[in-house]
Amino acid sequence: MVRRTARDYATRVLAPRAAARDVDNTFPAEELRELGGLGLLGVAVPEKLGGSEAGAVAYSLAMQEIAAGDASVAVAVSVTNMVAELIARVGSEAQQRAHVPRLVSGEYVCGAFALSEPQAGSDPGAMTTTAKRSGGGGWVLRGTKQWITSGDRAGLLGVWAVTNPEAGQRSISAFLVPGNAPGLGVSRAEHKMGLHGSTTVQLVLDDVEVGEDALLGGEGEGFKLAMIALSGGRIGIASQAVGIARGALEAATRYALERTQFGKPIVEHQAIGNMLADAATWLDAATLLTLRAAWLKEQGRSYTQAGSMAKLFATEHACKICDIAIQVHGGYGYTRDFPVERAYRDVRVTRIYEGTSEIQRIVIARELIKAHAARAA
Ligand SMILES: Cc1cc2nc3c(=O)[nH]c(=O)nc-3n(C[C@H](O)[C@H](O)[C@H](O)COP(=O)(O)OP(=O)(O)OC[C@H]3O[C@@H](n4cnc5c(N)ncnc54)[C@H](O)[C@@H]3O)c2cc1C
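What this report covers is the structure whose coordinates are included nearby. (Residues numbered from 1 in each chain as written. Predicted model: local features only at pLDDT ≥ 70, side-chain atom pairs only at ≥ 80, totals over all residues. Heavy atoms only, no water.)

## Focus on unusual backbone geometry
Glycine aside, residues mostly have negative phi angles, and peptide bonds mostly take the trans form.
Then step 1. Backbone geometry places Asn25, a non-glycine residue, at a positive phi of 60 degrees.
Then step 2. Among the structural elements, Asn25 can be located in the loop between α1 (2–24) and α2 (29–37).
Then step 3. One non-glycine residue with positive phi stands out, namely Asp207, at about 55 degrees.
Then step 4. Topologically, Asp207 is positioned in strand β7 (residues 200–210). (Helix = DSSP H or I, 4+ residues; strand = E, 2+ residues; numbered from the N terminus.)

Laid out in structure tokens, this is it:
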């Protein structure tokens with residue numbers, strides 16, 4: 001039912017506007033509110049907090065559909081689900097009640113996740129944003145965050161900062177910061193290759209004061225919370241890649257059936273059929289790996305390695321599938337007249353954000369070594 005709801009909205013509303021959004025960079029504020037109304041901003045969030053409580057598999061399916069319609073909208077949806085799920089999981093009862101219903105309904109427009117910094121991307125432990133105790137018992141945040149998806153639009157941001165510079169990774173804490181907090185400003189908006197309907201901004205925190213109740217989890221638990229959120233988030237990005245690739249493959253198949261060269265549809269030239277066959281096989285494998293990771297998460301089982309495998313495989317192969325889709329379209333594929341050109345640009349970042357492919361390989365290898373050691377013990 002969740003998939004049907006997402007597919008219906010994506011084909012009826014998102015897909016028809018996607019090309020225009022890519023050109024005029026329109027942020028999908030109205031669409032996010034509507035997606036909130038459909039229960040798609042909190043798919044795996046408990047019903048008592050306003051979510052759909054439909055689980056991680058339903059979330060993956062919904063993300064695939066939304067991304068097939070418009071990948072820009074999908075990234076804002078993905079971050080909002082991730083922030084809502086994290087607060088629902090580790091937030092105090094007061095934090096849950098104050099924020100989760102507003103996130104999942106779209107009242108906050110969307111959520112943002114502010115971990116990365118100009119000098120701390122793959123290595124968030126190197127962050128320099130600080131949070132110091134204020135006189136009034138709260139915290140004062142100071143620093144610069146980089147690459148923050150929807151950072152200029154979100155009603156609520158999760159912001160990571162160092163509270164105890166002596167304590168290494170255990171020095172990092174997570175805070176819930178309102179989008180309109182005094183001192184929080186946008187210092188730069190990125191001009192990206194793709195995902196033009198999604199904003200990506202640099203944020204400056206110039207002595208942003210928040211109350212004691214803004215601390216999410218315990219002091220020093222921020223790094224662990226970021227890793228929990230990103231493990232689930234990787235399933236979201238794998239799903240986004242699967243959705244974009246599926247859209248591109250459908251477009252390429254349609255085109256290969258219609259386009260005639262040398263007196264027959266190009267799909268009947270074996271080279272084209274072979275490319276489509278490879279793409280379809282990779283897409284199936286990517287989808288199954290992604291759903292397996294989602295299923296493990298839903299069962300409460302360990303999914304760190306499965307999530308990284310899904311993200312690595314799905315994003316790397318989604319890029320190849322979008323490349324094939326352009327090749328099948330020939331010169332027309334290189335123009336904005338066909339959606340595969342946008343898919344090719346939109347999909348590229350899935351190999352970079354929420355942990356690059358290189359970082360996923362590190363996670364997979366680390367889990368492999370752990371499992372080997374456990375077997376040997
Ligand atoms: C469009 C977009 C949206 C984003 N949204 C958000 C967001 O909402 N919130 C947020 O916090 N961040 C966000 N990010 C940041 C994203 O997560 C980082 O860009 C990513 O983690 C990589 O960090 P970096 O760009 O600093 O690259 P670097 O970490 O500098 O990496 C550069 C290269 O070195 C490689 N590398 C780094 N370390 C290793 C290693 N140990 N072994 C092997 N190779 C390595 C990387 O894989 C990469 O190829 C976004 C990024 C983009 C582009």
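## Focus: α1
Then step 1. Bending of α1 peaks at approximately 50 degrees at the position of Ala18.
Then step 2. Residues of α1 that are buried: Val2, Ala6, Tyr9, Ala10, Val13, Leu14, Ala18, Arg21 and Asp22.
Then step 3. Taken together, the buried residues of α1 touch α2, α3 (55–69), α4 (71–90) and α9 (339–347).
Then step 4. Of the residues one or two after α1, Asn25 is the one with positive phi, at around 60 degrees. (Bend = angle between axes of the 7 residues up to and from the residue. Buried < 20%, exposed > 50% of the residue type's maximum accessible area, 1.4 Å probe, protein only. Contact = heavy atoms within 4.5 Å.)

## So, the packing of aromatic side chains
Then step 1. Throughout the structure, instances matching the rule amount to 4 aromatic pairs.
Then step 2. Look at Trp139 and Phe175: their rings are 5.3 Å apart centre to centre, the planes differ by 65 degrees, and that puts the pair in the edge-to-face class. Residue Trp139 is located in strand β3 (residues 139–149), and its partner Phe175 is located in strand β5 (residues 172–178); the two are separated by 36 residues in the primary sequence.
Then step 3. Overall, Phe175 belongs to the buried group, its relative accessible area being 0%.
Then step 4. Centroid distance Tyr332 to Phe338: 6.1 Å. Interplanar angle 65 degrees. Geometry classified as edge-to-face.
Then step 5. Of the aromatic side chains, those joined through ring pairs into one cluster are Tyr255, Tyr332 and Phe338.
Then step 6. Across the ring face of Trp282, the terminal group of Lys320 is positioned such that the distance to the ring centre comes to 5.7 Å. (Phe/Tyr/Trp six-rings, centres within 6.5 Å; stacked < 30°, edge-to-face > 60°. Lys NZ or Arg CZ within 6 Å of the ring centre and 35° of its normal.)

## A closer look at the site of the ligand
Then step 1. With respect to spatial proximity, 17 residues lie near the ligand, and among them Phe113, Ser122, Trp147, Thr356 and Glu358 are the closest.
Then step 2. In this structure, Phe113 approaches the ligand through a main-chain N or O atom, which is 2.6 Å from a nitrogen atom.
Then step 3. Within the side chain of Ser122, one N or O atom sits 2.6 Å away from an oxygen atom of the ligand.
Then step 4. About the coverage of the ligand: the protein hides 64% of its 970 Å² of free accessible area.
Then step 5. When contributions to the shell around the ligand are tallied by element, the ones reaching two or more residues are β3 and α10 (357–376).
Then step 6. Each residue belonging to the shell around the ligand can be placed in one class, and the counts come to 8 nonpolar, 6 polar and 3 charged. (Near = heavy atom within 4 Å. Polar contact = N/O pair within 3.5 Å; in protein donor to acceptor, adjacent residues only side chain to side chain. Areas by Shrake-Rupley, 256 points an atom, 1.4 Å probe, with all protein chains shown as cover. Nonpolar A, V, L, I, M, F, W, Y, C, P; charged D, E, K, R; others polar.)

## Description of the pattern of salt bridges
Opposite charge on two side chains lets them pair, provided their charged atoms get close.
Then step 1. Per the stated rule, a full pass over the model turns up 21 salt bridges.
Then step 2. One salt bridge connects Arg246 with Glu65, and the closest N-O pair in it is separated by 3.1 Å. Taken together, the residues Arg246 in helix α6 (residues 222–258) and Glu65 in helix α3 connect sequence positions 181 residues apart. Of the two residues examined, Arg246 and Glu65, each falls in the buried class.
Then step 3. Note that Arg345 and Glu341 form a salt bridge whose closest N and O atoms lie 2.8 Å from each other. With Arg345 and Glu341 both in helix α9 and 4 residues apart, this pair spans about one turn of that helix. In terms of burial, Arg345 and Glu341 fall into one category: buried.
Then step 4. Connected through salt bridges with shared partners, the residues Arg7, Glu65, Arg246 and Glu250 form a single ionic network. (Salt bridge = Lys/Arg side-chain N within 4 Å of Asp/Glu carboxyl O.)

By themselves, these observations are geometric and do not establish any function.
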